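Coordinates in review
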Amino acid sequence: MASPKGSRSQKMKLPIFTRKGTLEVPSPTEKDWSKDDEDDWVFKDPDQEQDSLPQPYRMINKMVNSLFDRSWETIEGRDTSKTAELRRTQPTIYHPLRESKLNTMPNCMDVSQDYVFIGGSKGFSIYNLHNAKQLHVWEKLKVDVISIWATDLGSEILIAPVDETGIVRLFYFYKDGLYLIKAINESEDASKQTTCIKIEISKEGNFAALLLQGAGDIWLDVYKLPKESWIKEVQYPQLAVNTKKKVRKQLQLNTPDSVTADSLDMDMNISFRGDFKLSLPVQIMKIKPPKPITGTTFKSPLEAFAKIAGCRGLGSGQNHYIKASQWEKREAILKATYKKYLDGEWEPEPISMATFYFLLPSRVIPMPAGVKRPPGLACVLGVHWTDHHNFFFYSLNRTLKDKADPEGVWPCAAPIVGSQLSPCSSYLVLACEDGVLSLWDLAQGLTLGVVALPEKCFCQSIHFLKYFLVHKGQNVYPEGSVKCHMKCVVLCTDASLHLVTASGVQNSTISLLVERPVKYLDEAICAVAPVQALPGMVLTFSRDGSVFLMNVAKSQIICSFAPPRSYSLAAPWNPVFVVSLHHPCFLLRGDHPDEIGSASKAEDIPNSIFYFNFEDYPLLENFSRNCTIPQASILDHPTFAQALPLEERCEKFFQKSIQNLVKSKVKEEEHWTRLRRYSLLLQKEDLKK
């Protein structure tokens, strides 16, 4: 695409030597001449000189060269990433021990006792955790189940599935029977139908709280569950029921075609008892979001003080004596000062969501006077709303006629964006918008500490770990209860992971476990799950579908878990998994990526649930066995010594002081005995002389 100047037939051109740069007068002495003088000369062939290309060929030439340059940069980048990937230490990959193939897409899972509850198309199914056999299928809905909760009550289980329309149904699972208690928020009028966003059941199964949304409003309904009545009604039914006919009818309705003969025999043990009418839950409270603070309606300060008699609601900011005119003046000053930032279109504020927990009696939350309840039963509901500074306490000892005012308020310096209650209900962590974490010991009524996340790190989720110690290089659980000590991991919005430890009132620390990914963005952590069967271990789920087991004590990856090669996580940023609290295993949903797009119906997509057991993998045998250690073996551990109760610490101190005193007396006697022997030897030598 270039033409040489002239033609060889017209004129012969000789090669030309030209020098780089500007010409200079050489120095008179030869020693000053450049040693690489030959490199300063460039050979130019007149026949190789080219004219500039005309348009549009010059533009095409630039585009082709740019395309080649970018392609080469992409090739070099891929080659560099492959080299770095090979150099990185790859952890041991463990594959599942068992696969359970399902006919429907499993949308959610939960584990309770020895059962797995899987929500899917038109209902949910019950499986045996150990042999993965299907025990029962309840499919009576026209829509899918999108979330499911299962609460262990000892001999019975409460199941709460939520379907796509937001209706939550409460089931009672006792021995061989499955009972439908009620569709709590179902309405005959479709215009009045509410949507359940979240449900929480107390640890003992005596209370349930539902976050409902409807008609542009959101609120919290609290119910008292007649747990004792259910047991009596199931054990001593008033009406005789022909069990065989009912079971056969339910098997014909609910058993899918793919169930094998073995699972059919086991399905005979669990049947849906639709003819039983159990006692219904009783609503005791309805809680709405806090009202925005406006001008006072009180005529005098005495009225404001009378409103907060008994300190109820003190700190909520509602009962104040600031007039509306003062609010208007402050708002006008704000708009005038920040006019250029406030002008323009504003997006509508999102509906405030609630996070709530059932709290046990403690020194912070005493039992109301005159109320007698067995120990271990919830007495207070703790609630906080998004974009609000306060954490509210509502007593559960009330009826629906009573006014739903909070019994206590914890105001925070910034809006609360996240929180978490420990499984033992003794510790509470509140995460504020400014990255500050408040650590509370509810049982002792103490603030364990206040820690701050690194700059530009904001809390996404908090996960409690069962308190562990590092003894002789191994993570162990101390025997018995440990007071005033807690550990949790915090996942931030930038995918960094942090470990927060509190030991006593004034010894709280925060350490970095995983940094924010900068180069490999697919390695960003999107979910974390503690593994209670393994001390100090958590499962991390990354955006690229990787599942790692991490030792938080050393910030070290122990191994990796992955489904078979033909499977992968269809939505790795939102994985469907469940970790058992009482068994050393976890379940993970896998999908065929090649067949998801080609399948015409959702039923045609192959879906599987994979079972991973930690005790069956060689690297994890030492972690799962001998994971507890008696207190006598680690009494000298400084952290564990501070964790003991005050009486035991005093007793240990006196015992140690007595032992030291006895040892010092023994050493003193030995010293005097040696002196006497030495003096006797000297006397004998003198006598000999």
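Above this text is the structure in question.
Residues numbered from 1 in each chain as written. Predicted model: local features only at pLDDT ≥ 70, side-chain atom pairs only at ≥ 80, totals over all residues. Heavy atoms only, no water.

**Description of the environment of W327**
The topology assignment puts W327 in helix α6 (residues 324-337). Along the primary structure W327 and I293 are separated by 34 residues, whereas in three dimensions their C-alpha atoms are 9.6 Å apart. (Helix = DSSP H or I, 4+ residues; strand = E, 2+ residues; numbered from the N terminus.)

**Thoughts on the sheet that holds strand β35 (residues 556-561)**
Reading across from one edge, β3-β35-β34-β33-β32 is the order of the five strands in this open sheet, with mixed pairing throughout. Each end of this open sheet is capped by a strand with a single partner; those strands are β3 (92-94) and β32 (525-531). Within the sheet, the average angular offset between the axes of one strand and its neighbour, ignoring direction, is 30°. As paired strands, strand β33 (residues 537-542) and strand β34 (residues 547-551) are joined by five bridges and run antiparallel to one another. Within the sheet, the bridge partner assigned to T540 lies in β34 and is F548. (Pairing = 2+ DSSP bridges. Axes fitted to C-alpha atoms, helices over the stretch in contact; angles between N-to-C directions.)

**Quick word on the pattern of salt bridges**
Within the structure shown, the criterion is met by four salt bridges. Residue D163 is joined to R169 by a salt bridge in which the shortest nitrogen-to-oxygen separation is 3.0 Å. For R398, the salt bridge is made with E407, and the minimal N-O distance between the two is 2.8 Å. A residue is classified by how much of its surface remains accessible, and E407, at 31% relative accessible area, is partly exposed. (Salt bridge = Lys/Arg side-chain N within 4 Å of Asp/Glu carboxyl O. Buried < 20%, exposed > 50% of the residue type's maximum accessible area, 1.4 Å probe, protein only.)

**Structural notes on unusual backbone geometry**
Note the cis peptide between Q55 and P56, where omega equals 5°. For P56, the position within the fold is in the loop between β2 (41-44) and α1 (57-87). Even without a glycine there, the phi angle at A132 is positive, about 60°. Positionally, A132 belongs in the loop between β7 (123-128) and β8 (134-139). Taking relative accessible area as the criterion, A132 reaches 21% and is therefore assigned partly exposed. The backbone phi angle of C484 is positive, close to 60°, even though this residue is not glycine. For C484, the position within the fold is in the loop between β28 (474-478) and β29 (485-492).

**What about the pairing of strand β15 (residues 217-224)?**
Taken across its eight residues, β15 has six buried, putting it largely inside the fold. Hairpin connection of strand β14 (residues 207-214) to β15: two residues between the antiparallel strands, including A215 at a positive phi of 55°. Where β15 and strand β17 (residues 282-287) come together, five bridges link them in antiparallel fashion. Across the sheet, the residue bridging to D221 is K286, located in β17.

**Considerations on the pairing of strand β13 (residues 195-201)**
In terms of strand pairing, β13 meets β14 through six bridges, oriented antiparallel. Considered in β14, the bridge of E200 is made with A209. In sequence, β13 turns back onto β14 through a hairpin of five residues, with G205 there showing a positive phi of about 80°.

**Observations concerning empty space enclosed by the protein**
Leftover empty space is mapped by rolling, across the atoms, a probe with the size of a water molecule. Per the stated rule, a full pass over the model turns up four cavities of 30 Å³ or more. Elements with a contribution of two residues or more to the lining of the largest cavity: β4 (98-102), β6 (115-120), β7 and β38 (607-613). Top contributing element to the lining of the largest cavity by residue count: β4, with three residues. (1 Å grid on protein atoms, 1.4 Å probe; cavity = no way out; pocket = protein on both sides within 12 Å on 5 of 7 lines; lining within 4 Å. Points joined across faces, edges and corners; volume = space filled by probe spheres on them.)

These results come straight from atomic positions and should not be treated as a statement about function.
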